[in-house]
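The primary structure of each chain is shown beneath.
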Amino acid sequence: MRPIYLDNNATTRTDPRVVAAMLPFFTEQFGNASSSHAFGGEVAGAVKQARKQLTALLGAASDSEIVFTSGGTESDNTAILSALAVQEGRYDIVTTAVEHPAILSLVEELAGRGVKTHVVPVDAYGRLDIEAYRRALSPRTAIASVMSANNETGTLFPVELLAQMAHSVGAMFHTDAVQAAGKVPVELKNTEIDMLSLSGHKLHGPKGTGALYVRKGIEFKPLIFGGPQERRRRAGTENVPGIVGLGEAAEIAAAQLDRERSRIGALRDRLEAGILRLGHCMVLGDTGSRLPNTSNIAFEHLEGEAILHHLNRAGIAASLGSACASGSMQPSHVLRAMNVPGAWLRGAIRFSLSRDNTVGEIDHVLQVLPEILQRLKALSPSWQERASVMPTNASRSTEMIL
C-alpha cells in the first residue's frame, strides 16, 4: 500500500490545482506587481484576486483587511509587536499555556525585555480557564492572543467571546487561526477579533505564504519596513506565485468546507473508535469541541517515539505533536499544561487527517497498529509491571477522557 500521511497539522500536500494556478507566475506572468506597465498590472490583478479569495474564506468585511505575509509565524509576531507599539501606556500581554511556539517564544523573549506577560492555564481537556483569562485582563493589557484551535489536540477556543472580553478593558485581540482556517467556518465581520493569522501550507497551499487579517480602523505598525507594498503594512516585493497559490487554496477550502468537514470528521471518528477498542488508551482534548481532523491519543506506559518509529516503518506518518517543537526531549508543553498523568504523557500520538485521506487508509492503520502496540508492550518494563498487578478479569478500557 502507498504511504499513508496522517500528519496534516504539520503540513499538507499542495493541491495540484494550486500548483497549476501558480505556475504561470514563474515564467509567463513574471512582472513586479508594483510596476506601472502591463506586466505589472497583470500581476497586480492576480494579487488582488487572491486577496478577495482569502477575504471570502475568512468572512472579512473588506479585502483591504488582508495583509500577505510569509506565514503564520511572521503574522503572529507582527500582530503582537504592532499592538505593543501603537498603544501608549499598555505593556501587558495575555496569552495561554498551550499556544504554538510562534507565540510563546515571542512572549518569552518580550518578558526578558520587561514586558509583563500573563499565561492563562487550561483544564484537563485543554479548555481555557475563562475566569483566569478574565482576571488577567486589565487596563494595562495591550493585546490578548489566543489560538482558535490547538495544533496538538484540536481543541477549539471561544475566540469570539474572548475578543469581546479583551475589548471590555480596551485591549486588542489576536487569534492564531493557522489550524482553524479552512477546517471550520470563520466569519470575521461578525466578530470583534482585531487580528488573525493563517498559513498557506496548512490548507493545501504553498509553504512560505500566509496572511494577517487586520480589522479596518485599528492602529497598526508594520514589522518590516521598506517599500509601499501591502498598503505600507508589509514591505518587500510580493511573492506573487505564493500569493496566487494561497488564494486558490482558500477558494478550494471555502467551496469544500461543509462537505469535507463532515467526511474528514467521520474518518477521524472511525480511526479513533478502532484504536480505543484496543484498550489502555485515551483521547486527549475536548472531544465535544475540536477540529474535525485531529485525534490525539495517549497509550498507557508506552513511548510515543517508539510507536511513531514502527508506524513510520509501516509507511504511516503521524506525530507526537507540533512539528515546530520536534527534537525536544521534553514532553509536549500542551499536554503538560493539561496535567496529563505521567503514565500517559510520553505515549501520546497525534493523528491529523486531510481531504486526501480515505477509508481504506484508516482501516489499514487499524490493521497495523495492534501488532505494533503488542510488540512494544512486551518490551516496556512499565507495561510489564502494570500487567503483573492487573486483575486477570480486568476489562479493557474503551475510552477514557481526561
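Here is a short report on the structure shown in this document.

## Quick word on the sheet that holds strand S7 (residues 195-199)
Line of reasoning, step 1. Sheet architecture is open: seven strands sit in the order S2-S8-S7-S6-S5-S3-S4, paired in mixed fashion. Strands with a single pairing partner mark the edges of an open sheet, and in this sheet they are strand S2 (66-69) and strand S4 (116-120). Shown here is a sheet whose adjacent strand axes are inclined to one another by a mean of 20°, direction ignored.
Line of reasoning, step 2. Summarising the sheet, strand S3 (residues 92-96) and S4 pair through five bridges and their orientation is parallel. For aspartate 92, the partnering residue across the bridge sits in S4 and is lysine 116.

## Quick word on the pattern of salt bridges
Line of reasoning, step 1. Inspection of the entire model under this criterion finds 20 salt bridges.
Line of reasoning, step 2. A salt bridge links arginine 51 to glutamate 230, with the shortest nitrogen-to-oxygen separation between them at 2.8 Å. With arginine 51 in helix H3 (residues 38-58) and glutamate 230 in helix H8 (residues 229-232), the pair connects residues that are 179 residues apart, well separated along the chain.
Line of reasoning, step 3. By relative accessible area, arginine 51 is classed as buried at 9%.

## A look at the environment of threonine 12
Line of reasoning, step 1. One can find threonine 12 in the loop between strand S1 (4-5) and helix H1 (16-22).
Line of reasoning, step 2. The spatial distance from the C-alpha of threonine 12 to the C-alpha of glycine 208 is 13 Å, given a sequence separation of 196 residues.
Line of reasoning, step 3. At 2.7 Å, the side chain of threonine 12 and the backbone oxygen of histidine 201 are in polar contact.
Line of reasoning, step 4. From its side chain, threonine 12 meets the backbone nitrogen of histidine 204 in a polar contact 2.7 Å long.

## Quick word on empty space enclosed by the protein
Line of reasoning, step 1. In this structure the tally under the stated criterion is one cavity of 30 Å³ or more.
Line of reasoning, step 2. Each pocket or cavity is described by its volume, and for the largest cavity that value is around 230 Å³.
Line of reasoning, step 3. In this structure, the largest cavity is lined by 19 residues; those nearest its centre are Gly182, Lys183, His204, Ile264 and Arg355.
Line of reasoning, step 4. Tallied by class, residues from the lining of the largest cavity come to seven nonpolar, seven polar and five charged.

## Let's talk about a nonpolar patch on the surface
Line of reasoning, step 1. The grouping of Val19, Leu23 and Phe26 at the surface amounts to a nonpolar patch, some 280 Å² of accessible area in total.
Line of reasoning, step 2. Residue placement: phenylalanine 26 occurs in helix H2 (residues 24-27).

## What about helix H4 (residues 72-86)?
Line of reasoning, step 1. Taking 1.5 Å of rise per residue, 15 residues should cover 21 Å, and H4 covers 21 Å from first to last C-alpha, within 8% of that figure.
Line of reasoning, step 2. Burial runs high along H4: 12 of the 15 residues are buried.
Line of reasoning, step 3. Within H4 the residues assigned to the buried category are Gly72, Glu74, Ser75, Asp76, Asn77, Thr78, Ala79, Ile80, Ser82, Ala83, Leu84 and Val86.

## Comments concerning the pairing of strand S6 (residues 172-176)
Line of reasoning, step 1. Counting buried positions over the five residues of S6 gives five, a clear majority of the element.
Line of reasoning, step 2. Relative to S6, strand S5 (residues 141-145) runs parallel, the two being bridged by three bridges. Considered in S6, the bridge of alanine 144 is made with phenylalanine 173.
Line of reasoning, step 3. Regarding topology, helix H7 (residues 159-167) serves as the crossover connection from S5 to the parallel S6, and that connection is right-handed.
Line of reasoning, step 4. Sheet topology places S6 next to S7; three bridges connect them, and they run parallel. For aspartate 176, the partnering residue across the bridge sits in S7 and is serine 197.

Criteria and thresholds
Residues numbered from 1 in each chain as written. Predicted model: local features only at pLDDT ≥ 70, side-chain atom pairs only at ≥ 80, totals over all residues. Heavy atoms only, no water. Pairing = 2+ DSSP bridges. Helix = DSSP H or I, 4+ residues; strand = E, 2+ residues; numbered from the N terminus. Axes fitted to C-alpha atoms, helices over the stretch in contact; angles between N-to-C directions. Salt bridge = Lys/Arg side-chain N within 4 Å of Asp/Glu carboxyl O. Buried < 20%, exposed > 50% of the residue type's maximum accessible area, 1.4 Å probe, protein only. Polar contact = N/O pair within 3.5 Å; in protein donor to acceptor, adjacent residues only side chain to side chain. 1 Å grid on protein atoms, 1.4 Å probe; cavity = no way out; pocket = protein on both sides within 12 Å on 5 of 7 lines; lining within 4 Å. Points joined across faces, edges and corners; volume = space filled by probe spheres on them. Nonpolar A, V, L, I, M, F, W, Y, C, P; charged D, E, K, R; others polar. Patch = residues over 30% accessible without salt bridge, like charges linked within 9 Å, V, L, I, M, F, W, Y side chains within 5 Å. Areas by Shrake-Rupley, 256 points an atom, 1.4 Å probe, with all protein chains shown as cover. Expected span 1.5 Å × (residues − 1). Right-handed = clockwise from strand over helix to strand, strands pointing away.

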